[in-house]
Amino acid sequence: MLGQSRPFLRMISWLRAVRVLLITPEPATREASPLLVLTVVVLMLLVAILEVDLHRADLQALGLIGDAFPIDPIFMSP
(Lines give C-alpha, C1' and ligand atoms only; values in the text may rest on other atoms or scores of the structure.)
Protein backbone atom coordinates (compact mmCIF):
# COMPACT_ATOMS: atom_id res chain seq x y z
CA MET A 1 0.00 0.00 0.00
CA LEU A 2 2.89 2.33 0.73
CA GLY A 3 4.18 1.94 -2.84
CA GLN A 4 0.90 3.22 -4.27
CA SER A 5 0.78 6.35 -2.11
CA ARG A 6 4.40 7.37 -2.66
CA PRO A 7 3.81 9.08 -6.08
CA PHE A 8 0.75 10.82 -4.64
CA LEU A 9 2.75 12.16 -1.69
CA ARG A 10 5.52 13.27 -4.03
CA MET A 11 3.00 15.18 -6.16
CA ILE A 12 1.51 16.86 -3.06
CA SER A 13 5.00 17.87 -1.94
CA TRP A 14 5.79 19.29 -5.37
CA LEU A 15 2.53 21.27 -5.49
CA ARG A 16 3.22 22.76 -2.06
CA ALA A 17 6.70 23.81 -3.19
CA VAL A 18 5.30 25.44 -6.34
CA ARG A 19 2.64 27.25 -4.29
CA VAL A 20 5.31 28.72 -2.01
CA LEU A 21 7.30 29.91 -5.03
CA LEU A 22 4.26 31.56 -6.60
CA ILE A 23 3.23 33.50 -3.51
CA THR A 24 5.19 36.76 -3.25
CA PRO A 25 4.40 39.93 -1.31
CA GLU A 26 3.96 42.00 -4.49
CA PRO A 27 3.05 40.53 -7.87
CA ALA A 28 5.19 43.16 -9.64
CA THR A 29 8.36 41.73 -8.05
CA ARG A 30 7.92 38.33 -9.71
CA GLU A 31 10.13 37.64 -12.72
CA ALA A 32 9.79 35.03 -15.43
CA SER A 33 11.97 31.99 -15.14
CA PRO A 34 14.77 31.90 -17.75
CA LEU A 35 13.84 28.29 -18.52
CA LEU A 36 10.25 29.32 -19.15
CA VAL A 37 11.35 32.12 -21.48
CA LEU A 38 13.63 29.74 -23.39
CA THR A 39 10.82 27.19 -23.71
CA VAL A 40 8.41 29.80 -25.07
CA VAL A 41 10.95 31.08 -27.59
CA VAL A 42 11.75 27.57 -28.84
CA LEU A 43 8.08 26.66 -29.16
CA MET A 44 7.29 29.87 -31.03
CA LEU A 45 10.20 29.21 -33.40
CA LEU A 46 8.91 25.71 -34.08
CA VAL A 47 5.40 27.05 -34.76
CA ALA A 48 6.83 29.64 -37.16
CA ILE A 49 8.80 26.96 -39.02
CA LEU A 50 5.74 24.74 -39.28
CA GLU A 51 3.57 27.60 -40.52
CA VAL A 52 6.08 28.51 -43.23
CA ASP A 53 6.33 24.86 -44.24
CA LEU A 54 2.54 24.52 -44.31
CA HIS A 55 2.03 27.62 -46.47
CA ARG A 56 5.14 27.28 -48.65
CA ALA A 57 3.19 27.28 -51.96
CA ASP A 58 1.22 30.40 -51.01
CA LEU A 59 4.38 32.23 -49.97
CA GLN A 60 6.13 31.26 -53.22
CA ALA A 61 3.16 32.55 -55.21
CA LEU A 62 3.50 35.90 -53.43
CA GLY A 63 7.25 35.96 -54.11
CA LEU A 64 8.22 35.89 -50.45
CA ILE A 65 10.09 32.59 -50.70
CA GLY A 66 12.47 31.83 -53.53
CA ASP A 67 14.14 28.63 -54.59
CA ALA A 68 17.76 29.71 -54.26
CA PHE A 69 18.62 26.34 -52.75
CA PRO A 70 16.14 23.73 -53.92
CA ILE A 71 15.30 21.13 -51.29
CA ASP A 72 14.83 17.53 -52.23
CA PRO A 73 11.09 16.82 -51.74
CA ILE A 74 11.88 13.69 -49.78
CA PHE A 75 13.08 15.88 -46.89
CA MET A 76 9.97 18.09 -46.80
CA SER A 77 6.90 17.33 -44.75
CA PRO A 78 3.79 16.03 -46.53
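Residues numbered from 1 in each chain as written. Predicted model: local features only at pLDDT ≥ 70, side-chain atom pairs only at ≥ 80, totals over all residues. Heavy atoms only, no water.

1. So, the overall build of the protein
Basically, it comes down to this: Numbered from the N terminus, helices here are DSSP runs of H or I no shorter than four residues, and strands are runs of E no shorter than two. A 1.4 Å probe rolled over the protein chains alone gives each residue an accessible area, and that area as a share of the maximum for its type sets the label: buried under 20%, exposed over 50%, partly exposed in between. All accessible areas in this document rest on Shrake-Rupley with a 1.4 Å probe, and a residue is counted as covered only by the protein chains that are shown.
From N to C terminus, the protein includes three helices and zero strands. Starting at the N terminus and ending at the C terminus, the protein contains elements arranged as α-α-α. A buried classification covers 0% of the 78 residues belonging to the protein. When the accessible surface of the protein is summed, it comes to about 7,500 Å², and 72% of that surface belongs to carbon and sulfur atoms.

2. Concerning a nonpolar patch on the surface
Our working rule: Here the term patch refers to residues with relative accessible area over 30% and no salt bridge, with like charges joined within 9 Å and nonpolar side chains (Val, Leu, Ile, Met, Phe, Trp, Tyr) within 5 Å. For this document, the term salt bridge refers to a Lys or Arg side-chain nitrogen within 4 Å of an Asp or Glu carboxyl oxygen.
A cluster of nonpolar side chains, namely Leu 35, Leu 38, Val 42, Leu 43, Leu 45, Leu 46 and Ile 49, defines an oily patch on the protein surface of about 680 Å² accessible area. Among the secondary structure elements, Leu 35 is positioned in helix H2 (residues 34–54). When its relative accessible area of 61% is taken as the criterion, Leu 35 is described as exposed.

3. Let's talk about the confidence of the model for the protein
Applied cut-off: Summary of the metric used: pLDDT quantifies the predictor's per-residue confidence within the range 0 to 100.
Residues at a pLDDT of 70 or more form 78% of the protein, whose mean pLDDT is 78. Per-element mean pLDDT across the protein ranges from 75 in helix H1 (residues 2–22) up to 90 in H2.

4. Overview of the environment of Arg 56
Defined as follows: Residue contacts are defined here by distance: any two heavy atoms, one from each residue, within 4.5 Å place the two residues in contact.
Counting through the fold element by element, Arg 56 comes out in helix H3 (residues 56–62). By relative accessible area, which is 23% here, Arg 56 ends up partly exposed. Taking the C-alpha atoms as reference, Arg 56 lies 9.9 Å from Gly 66; in sequence the two are 10 residues apart. Those residues in contact with Arg 56 that lie beyond four places of it in its chain are Ile 65 and Met 76.

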